[in-house]
Amino acid sequence: MKLSDGIRKHGFRKWYERDLLQSHAHMVLAFLCLIVVFAAFELMSDGRNVAANIAAVAIGTAVGAWAVRRYIGLLTIAEAIAHQADCPGCGTYARFTLVRDLPPGEVEVACKQCRVNWRIQL
């Protein structure tokens, strides 16, 4: 979901909360993949179903690497945007309305308290 669509639909605070929850869900997935990889290595030691265990290690590693990359990416974007959510006029955090959508990854917002406009960009 684009930044402007998320803010327009949910508001900044809910968008931020949803983005953090989504990123941490990917972290949990990465942790579960790590457990699968370790379990497959443990089961490989008995010598049965070696091919299935090798497949489990490969799939667990691939999905886990994707999940970690997605976790870091989502978290980085959410934090970069959250650091720009302070009104430059009055210092109010995350109390703004969306004015307009600008070039990709950038929005113009207006403070609800003092009506100062500023841009938030990725």
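The structure under discussion appears in the preceding block.
What you see is a predicted model, and the numbers here were worked out from it, not measured in a lab.

Draft legend 1. A look at the pattern of salt bridges. Evaluation of the coordinates by the stated rule reveals 4 salt bridges. Arginine 100 is the partner of glutamate 108 in a salt bridge, and the nearest nitrogen-oxygen pair spans 2.8 Å. With a relative accessible area of 12%, glutamate 108 lands in the buried category. Judged by its relative accessible area of 41%, arginine 100 falls in the partly exposed class. Close ionic contact of glutamate 106 with arginine 119 constitutes a salt bridge, the shortest N to O distance being 3.4 Å. Of this pair, glutamate 106 sits in strand β2 (residues 106-111) while arginine 119 sits in strand β3 (residues 117-121), and the two are 13 residues apart along the sequence.

Draft legend 2. The arrangement of the nonpolar core in detail. Leu3, Phe12, Phe96, Trp118 and Ile120 are the most contacted members of the largest nonpolar core, which has 17 residues in total. Mapped by element, the contributors of at least two residues to this core are α1 (3-10), α2 (12-44), α3 (50-82), β2 and β3. Filtering out sequence-adjacent residues up to four positions away, phenylalanine 12 remains in contact with Ile7, Ile81, Ala82, Ala85, Tyr93, Ala94 and Phe96.

Draft legend 3. Summary view of the packing of aromatic side chains. Taken as a whole, this structure holds 5 aromatic pairs when the rule is applied. Measuring from centroid to centroid gives 5.3 Å for phenylalanine 12 and phenylalanine 96, while their planes differ by 50°, and the two rings are tilted. Separated by 84 residues along the polypeptide, phenylalanine 12 in helix α2 and phenylalanine 96 in strand β1 (residues 96-101) bring together distant segments of the chain. Taking the relative accessible area as the measure of exposure, phenylalanine 12 reaches 5% and is therefore buried. Residue phenylalanine 96 is classed as buried on the basis of its relative accessible area of 8%. With centroids separated by 5.7 Å and ring planes inclined at 80°, the aromatic side chains of phenylalanine 96 and tryptophan 118 adopt a geometry described as edge-to-face. A residue pair is termed long-range when its members are at least 10 positions apart, and phenylalanine 96 in strand β1 and tryptophan 118 in strand β3 qualify at 22 residues. Considered together, phenylalanine 96 and tryptophan 118 belong to a single accessibility category, that of buried residues.

Draft legend 4. The packing of α2 against α3, seen in detail. Packing of α2 against α3 brings their axes to within 7 Å, and their N-to-C directions diverge by 160°. Taken together, the axes of α2 and α3 lie roughly antiparallel to each other. Helix-helix and strand crossings are classified by hand; for α2 and α3 the assignment is left-handed. Of the residues that constitute the contact of α2 with α3, the class distribution is 28 nonpolar, 8 polar and 3 charged.

The rules behind these values
- Residues numbered from 1 in each chain as written.
- Predicted model: local features only at pLDDT ≥ 70, side-chain atom pairs only at ≥ 80, totals over all residues.
- Heavy atoms only, no water.
- Salt bridge = Lys/Arg side-chain N within 4 Å of Asp/Glu carboxyl O.
- Buried < 20%, exposed > 50% of the residue type's maximum accessible area, 1.4 Å probe, protein only.
- Helix = DSSP H or I, 4+ residues; strand = E, 2+ residues; numbered from the N terminus.
- Core = buried A, V, L, I, M, F, W, Y, C linked by side-chain atoms within 4.5 Å.
- Contact = heavy atoms within 4.5 Å.
- Phe/Tyr/Trp six-rings, centres within 6.5 Å; stacked < 30°, edge-to-face > 60°.
- Axes fitted to C-alpha atoms, helices over the stretch in contact; angles between N-to-C directions.
- Parallel < 35°, antiparallel > 145°, perpendicular 65-115°, else oblique.
- Left-handed = near helix turned anticlockwise from the far one by under 90°.
- Nonpolar A, V, L, I, M, F, W, Y, C, P; charged D, E, K, R; others polar.

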